[in-house]
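As a plain string of letters, each chain reads:
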Amino acid sequence: MLLTDQHCHSVVVADLGMDAFASLLTESDRLPAPGTSPFDSALGLAVRRWCPPALDLPEHTGPEEYLARRAELGPVEATRRLLAEAGLAHCLVDTGLTTAIGRPLLPLPEFAAATGAQVREVVRLESVATGVDSDAHGWPDAVREALDTACAVAGAVAVKSVLAYRHGLAVPAERPARTEVVKAAGRWLSGPRERLTDPVLLHHLLWTALESGLPLQLHTGFGDPDLRLHQADPSLLVDFIRAAEPSGVPLVLLHGYPYHRQAAWLAQAFPQVYADIGLAVSYTGTRATAVLGEVLELAPFGKLLFSTDAYGLPELFLVGAAQYRHSLDRLLGAWQADGACSAADAERLTRLVSADNARRLYRL
Amino acid sequence: MLLTDQHCHSVVVADLGMDAFASLLTESDRLPAPGTSPFDSALGLAVRRWCPPALDLPEHTGPEEYLARRAELGPVEATRRLLAEAGLAHCLVDTGLTTAIGRPLLPLPEFAAATGAQVREVVRLESVATGVDSDAHGWPDAVREALDTACAVAGAVAVKSVLAYRHGLAVPAERPARTEVVKAAGRWLSGPRERLTDPVLLHHLLWTALESGLPLQLHTGFGDPDLRLHQADPSLLVDFIRAAEPSGVPLVLLHGYPYHRQAAWLAQAFPQVYADIGLAVSYTGTRATAVLGEVLELAPFGKLLFSTDAYGLPELFLVGAAQYRHSLDRLLGAWQADGACSAADAERLTRLVSADNARRLYRL
Amino acid sequence: MLLTDQHCHSVVVADLGMDAFASLLTESDRLPAPGTSPFDSALGLAVRRWCPPALDLPEHTGPEEYLARRAELGPVEATRRLLAEAGLAHCLVDTGLTTAIGRPLLPLPEFAAATGAQVREVVRLESVATGVDSDAHGWPDAVREALDTACAVAGAVAVKSVLAYRHGLAVPAERPARTEVVKAAGRWLSGPRERLTDPVLLHHLLWTALESGLPLQLHTGFGDPDLRLHQADPSLLVDFIRAAEPSGVPLVLLHGYPYHRQAAWLAQAFPQVYADIGLAVSYTGTRATAVLGEVLELAPFGKLLFSTDAYGLPELFLVGAAQYRHSLDRLLGAWQADGACSAADAERLTRLVSADNARRLYRL
């Protein structure tokens, strides 16, 4: 079954040496500790399992041999094979990142051609806001207009917040007062405008996003070292979730891990909340079977969404897709062996999470 | 083996249409999101597995067919069959809830007859306190008297706190001073008295409960959307647990999920703390095997208690009981296959958790 | 394969009656609840599985029979057998604890002889600081000198902090100003000096430890009832981890459970952070297989370290080592059966975690 990847990024098409490749196999942006390699990880094993066959090598091929073959084929052909093998029907691409390891990401039309998928865009709130030129007084309206424009130009199907990285998810229930926003905008506009971290402005962006009516994706759970992990617990969002409920705008909790059970509870408790399994499935490799099991304890099957959150390496699309298919099959196979559901039930769950929920939610 | 259900609620005996039935299959009190159904969940699958045979249908029967057969048998007969099939020796019923989806719950004598179990009552602190008529000055004593009376009248075996819903579990170590309680009572008594959320009064209730000498059950972990999940983490109770230790009053941490490992640690660390697996076992369906495994990592086998936390639907009693039996069997079967324990060890653990611990704790 | 136990304590060599023995099978320092026994636990089952064969008894021997045989052999012979059977190449012993249940722990030379392992010392920061005699003004330097001396005398390979027990892990990014440290030292020195809990002094100790250049082990996660568990979540350390990064000093997050996934993320995100699986593996018994699986979801295989955290009972060394070997074998066997890695990959992971990572980190 073709998958709907509801959250991902584009890839780098380049000959990558060992260090550059390895640096995209970890959430860390630092050099690895002496004597260690990112290949020695659940993700590293998963790459060596799922990707070599796409390049005509056996499973579990070692890193050097894999990279040699990748170079031999050339980055264009290797990328094409890896992306095609992922079997994606739709990709919703967060365009807030434009480079990886200092190289530009593949433009969306070429990315679409390589995947064979329909590509739709997800607009990142903080990126839009950072680019807004206005005085403080006009900033709130300018941001809304900039967001509307960005979404219209991109034909966006969703917007995304990386608030988790900037201030954490403990968002108050009350929309920030306009006077407070203007004051905070004044501080922001008079500074170096490098990185938007003011909580008033970040929270204002969430409320602005709700006005767009588009589903709002929120990073939650693990990510790169910028994060204070405990402040990315999605359950901290509960006051905002309740406050946003009347808007009817869907909130999509990305990743969630290791708080994915909390995300699943939110998806059960609140009709407008959805949960995602991206990033965790590829990073945890064979353990994705266990992680998916945990998410499905409370998440309504109609509220859970597949994604890869792949970024930089085309390998991450194939790993995300192949590991997901394999792990969900294994999990639901075990459920059936346990007598917990019928084959038809397992198929229905698979269809919902793999594609149908996202199609319904984003009107694809 | 007959089970001791150490925490549950009564049921609605009524012909339930699809929407009403489905609304009792989720912790949400909202309408489901468009295009989704609470039947598409781990609990939905568990209901369709364990309940149809009690109504002469095959496992995994679809929702429509199941409800049609349920209506055909009539609610009285269906309820009788489902409750009897659960195989309960004792039910400790929290009588703080009296209705479900706007209908009255079955009175305890009839509920007892339908289950075939001995039914004992658990008195809810906040319900008692809300009904107290007194001036502010007399409120602390009036509450204690009202609690004593309620427990005596009911022949209660335990009291229960839903503090987790009202203010969260970060309870200070110090008992609130009487002057503070009187002041807070004054505010409460002069208001609409709809919902007791004042932390001083809520904490006062806990201390009043300790004076009753009865085991104190506390809601912890997941529940309905009223909850701030992260404030329902039982580890937040640690200061109160230490302060309450000299009283010798058992504290029973209900549910706990997804903080059940934290609850298990508290049960190991503090002699008067017990942990419960209710709600989680039914809601997570076939995954209860994994959840039970997690709880048993640290929980002393003599401190863990079975319950269903069933409410509204008789189906939830059968699911809670049958899934528990099945999942514990599967888990302990795997332990034996792994060489981790003998068959006699597994039987002993099962007897303790299923009934003996609760019998000892509540002197049943 | 011989293991490197990177964090443990020495043992009591004594004839232990049922109650004394049982009291060392739990993190609680209280009497067990009426009608319960610490033998009824995952750890109790693990002791009864792994230890009786070392004393010529069958697996799963009951507690009474086991203790009778232990007494018959005598504590010296029983201890020798149990420790030798653990198969340890190196033991890094935290010497901050000197007694267990009121009896002295075996001195390191005799402990080394009994284990057959090379024993190296880990110096506990708070123990050193508590013994420092100085005026307030000289306290910061006196502590550093005392630590340097203690490490030199002991030939220490690491230092350890029990900050998690004293104030929790939410350490600010900023090193405490010297004037603040002197002020806090004044308060401490004028008091009974029983237990160092002042956060300024505790945080100062961490920074002093970084100056030693030795790897810094930090207790995180579960432990005895002194703990506020939620304040022992290793993710709370993130600001300190970032601030300490330029020092290059390795930070080793001990235990972590039930926050071991958080610890694993920190080990992935930050080059100088390592994670440990001690305590959790023995205490969770057969469930260690699941816990190891969870840790290995994000932890780089080159950053994870075996330990027992055994204390008091020689049985805890054997359980820690045997359960670890068994559980890692089972886990990696399942990975191979799933097609997730090759036998060579599994062997490599095992070598890294069992010994090689610790050898590299501590230059053994």
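Refer to the structure presented above.
Residues numbered from 1 in each chain as written. Chains lettered and ligands numbered in written order. Predicted model: local features only at pLDDT ≥ 70, side-chain atom pairs only at ≥ 80, totals over all residues. Heavy atoms only, no water.

With that out of the way, let us pick up the interface of chain A and chain B. Taken together, the 35 residues of chain A in the interface contact 38 residues of chain B. In total, about 3100 Å² of surface goes out of reach between chain A and chain B, with carbon and sulfur atoms giving 52% of it. Three residues, A:Trp265, A:Glu297 and A:Asp338, lead the burial of chain A against chain B; their summed loss comes to 21% of the area buried on that side. On inspection of chain A and its partner chain B, the count reaches eight salt bridges. Between B:Arg49 and A:Asp338 there is a salt bridge, and its shortest N-O distance comes to 3.6 Å. (Contact = heavy atoms within 4.5 Å. Buried area = accessible area lost by both parts, 1.4 Å probe. Salt bridge = Lys/Arg side-chain N within 4 Å of Asp/Glu carboxyl O.)

Quick look at the interface of chain A and chain C now. Taken residue by residue, the interface counts 38 residues in chain A and 35 residues in chain C. Three residues stand out in chain A for area buried against chain C, namely A:Asp40, A:Leu45 and A:Arg287, and they jointly supply 20% of the buried area on that side. Between the two partners, chain A and chain C, sit eight salt bridges. The closest approach of N and O atoms between C:Glu297 and A:Arg287, which form a salt bridge, is 2.9 Å. Put simply, chain A and chain C have 23 residue pairs in polar contact (both at pLDDT 80 or more) between them. Every element with two or more residues in the side of chain A that touches chain C is listed here: helix H2 (42-50), helix H14 (288-298) and helix H15 (314-337) of chain A. Taken together, the residues of the side of chain A that touches chain C sort by class into 14 nonpolar, twelve polar and twelve charged. (Polar contact = N/O pair within 3.5 Å; in protein donor to acceptor, adjacent residues only side chain to side chain. Helix = DSSP H or I, 4+ residues; strand = E, 2+ residues; numbered from the N terminus. Nonpolar A, V, L, I, M, F, W, Y, C, P; charged D, E, K, R; others polar.)

Take the relation of the copies chain A and chain B next. If you rotate chain A by 120° and push it 0.0 Å along the axis, it lands on chain B with an RMSD of 0.0 Å. Both copies are brought into coincidence by an operation consistent with a three-fold rotation axis. Closest approach to the rotation axis within chain A is made by the C-alpha atom of A:Ala290, at a distance of 5.4 Å. Looking at the interface residues of chain A, only 3% of them are also at the interface in chain B, so each copy uses its own face. (Least-squares fit on C-alpha atoms with pLDDT ≥ 70 in both.)

Residues and elements named next belong to chain B. Relative to the 22 Å expected for 16 residues at 1.5 Å per residue, helix H7 (residues 139-154) spans 22 Å between its end C-alpha atoms, a close match to the ideal helical length. Buried within H7 are the following residues: Trp139, Pro140, Ala142, Val143, Leu147 and Cys151. Along H7, the residues classed as buried sweep out an arc of 160° about the axis, all on the same side. Exposed and facing more than 90 degrees away from the buried side of H7 are Glu145, Ala152 and Val153. Among the residues trailing H7, Gly155 stands out with phi positive, at a value near 60°. (Expected span 1.5 Å × (residues − 1). Buried < 20%, exposed > 50% of the residue type's maximum accessible area, 1.4 Å probe, protein only. Arc of directions from axis to C-beta.)

All names here are of chain A. What the eight strands build is an open sheet, ordered E1-E2-E5-E6-E7-E8-E9-E10; its pairing is parallel. A strand with exactly one partner marks an edge of an open sheet, and here the two such strands are strand E1 (3-8) and strand E10 (304-305). Inspection of the sheet shows strand E7 (residues 216-220) paired to strand E8 (residues 251-255) by five bridges, in the parallel sense. What sits directly across from Thr220, in E8, is His255. (Pairing = 2+ DSSP bridges.)

It is worth spelling out the pattern of salt bridges at this point. All names here are of chain A. Enumeration according to the criterion identifies 84 salt bridges over all chains in this entry. Arg70 serves as the salt-bridge partner of Glu315, at 2.6 Å between the closest nitrogen and oxygen. With a gap of 245 residues between them, Glu315 in helix H15 and Arg70 in helix H3 (residues 63-73) connect regions that are remote in the sequence. In this structure Glu315 comes out as buried when scored by relative accessible area, which is 0%. Classification of Arg70 as buried rests on a relative accessible area of 2%. Where salt bridges share partners, they join Asp56, Arg69, Glu72, Glu77, Arg80 and Arg81 into one cluster.

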